[in-house]
Amino acid sequence: MTQRDLRIRPLSEGIGLGALKTPNPKVHVTDIDTSVMRQAHAAYAPYSVEAEIRKRTISNWYVKAVRFIASTGTDVFIGIFSVFVIAWVSTLAWSAGETGSFDVVGSLNAVIAFLTAQPMTVLMAGVGLLAGCLRLTRYVVERFS
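Below is a summary of the structure that appears in this document.

The rules we used
- For every chain, the first residue of the written sequence is number 1, and numbering continues from 1 along that sequence.
- Reporting of local features is limited, given that this is a predicted model, to residues whose pLDDT is at least 70; pairs of side-chain atoms are given and counted only at 80 or more, and all residues count toward the totals for whole chains, interfaces and linings.
- As a rule here, side-chain values come from all non-hydrogen atoms in the structure, and water together with hydrogens is ignored.
- Under the DSSP-based scheme used, a helix requires at least four consecutive residues in state H or I and a strand at least two consecutive residues in state E, with every element numbered from the N terminus.
- The buried label goes to any residue with under 20% of its type's maximum accessible area, the exposed label to any with over 50%, and the partly exposed label to all in between, with areas taken from a 1.4 Å probe on protein chains only.
- Residue exposure ignores everything except the shown protein chains as possible cover, and the areas themselves are Shrake-Rupley values with a 1.4 Å probe.
- To obtain each axis, a line is fitted to C-alpha atoms, and for helices this fit is confined to the stretch in contact; angles are then taken between N-to-C directions over 0 to 180 degrees.
- Should an angle fall under 35 degrees it is taken as roughly parallel, and over 145 as roughly antiparallel, whereas 65 to 115 is taken as roughly perpendicular and any remaining angle as oblique.
- Throughout, a crossing is termed right-handed when the near helix is turned clockwise from the far one, and left-handed when it is turned anticlockwise from it by less than a right angle.
- Every residue pair with non-hydrogen atoms within 4.5 Å of one another is taken to be in contact.
- Three classes are used, and their members are as follows: Ala, Val, Leu, Ile, Met, Phe, Trp, Tyr, Cys and Pro are nonpolar, Asp, Glu, Lys and Arg are charged, and the others, Gly among them, are polar.
- The salt bridge definition used is simple: a Lys or Arg side-chain nitrogen within 4 Å of an Asp or Glu carboxyl oxygen.
- Any N or O atom pair separated by 3.5 Å or less is treated as a polar contact, with the protein-specific requirement of one donor-capable and one acceptor-capable atom, and with residues adjacent in sequence counted only for side-chain atom pairs.

Secondary structure summary: the protein contains five helices and zero strands in total. Counted from the first residue to the last, the protein has its helices and strands arranged as α-α-α-α-α. Relative to its full complement of 145 residues, the protein shows a buried share of 10%. As presented, the protein carries roughly 12300 Å² of accessible surface, and 68% of it is formed by carbon and sulfur atoms.

Right, let's get into the packing of helix α3 (residues 57-99) against helix α5 (residues 120-144). For any two helices packed against each other, the geometry is given by the interaxial angle and the distance between the axes. Contact geometry of α3 with α5 gives a least axis separation of 9 Å together with a crossing angle of 115°. If you check the angle between α3 and α5, you find them roughly perpendicular. Where α3 crosses over α5, the two elements pack in a sense that is right-handed. Facing α3, whose interface residues are S71, T72, D75, V76, G79, I80 and V83, α5 presents V127, L130, A131, L134, R135 and R138. For the contact of α3 with α5, the per-class residue count stands at seven nonpolar, three polar and three charged.

Going through the model one piece at a time under the given rule, you end up with one salt bridge. In this structure, R138 engages E142 in a salt bridge whose closest nitrogen and oxygen atoms are separated by 3.5 Å. With R138 and E142 both in helix α5 and four residues apart, the pair spans about one turn of that helix.

Right, let's get into the side chain of S107. Mapped onto the elements of the fold, S107 is located in helix α4 (residues 104-117). Taking the relative accessible area as the measure of exposure, S107 reaches 2% and is therefore buried. Of the polar contacts made by the side chain of S107, one reaches the backbone oxygen of V104; its length is 2.9 Å. Here S107 is in contact with W88, T91 and L92, once residues within four sequence places are set aside.

See the structure below:
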């Protein structure tokens, strides 16, 4: 007796009223056995469009690049912003100690002038070093906490 042959009545209709077997089971042509569907999907899976896209090396490269940017990009952005703010506040404190007044715009201009005076290779090396240090710190904290 399959599950289609059973008709379970609610308890409100009473116990023993009618047979559990339906008099005329309704089987539609659209009812397809799920095991047959699973077999068809399993047979088709290696030749699907998704599988073909995943096999391409350029797709794998894109996926790895996006994962790297998602995992490291935020760390690098926060690190660069933090270093910029620390440099700006340090310059502000230095100028406040030297002149006795806070010159917010002047210290911001001094930091920006220093950064624009550096060659791009030095700035990119600094960003790479900062990213490596942040990644190493994150790894150590996650590993030992």
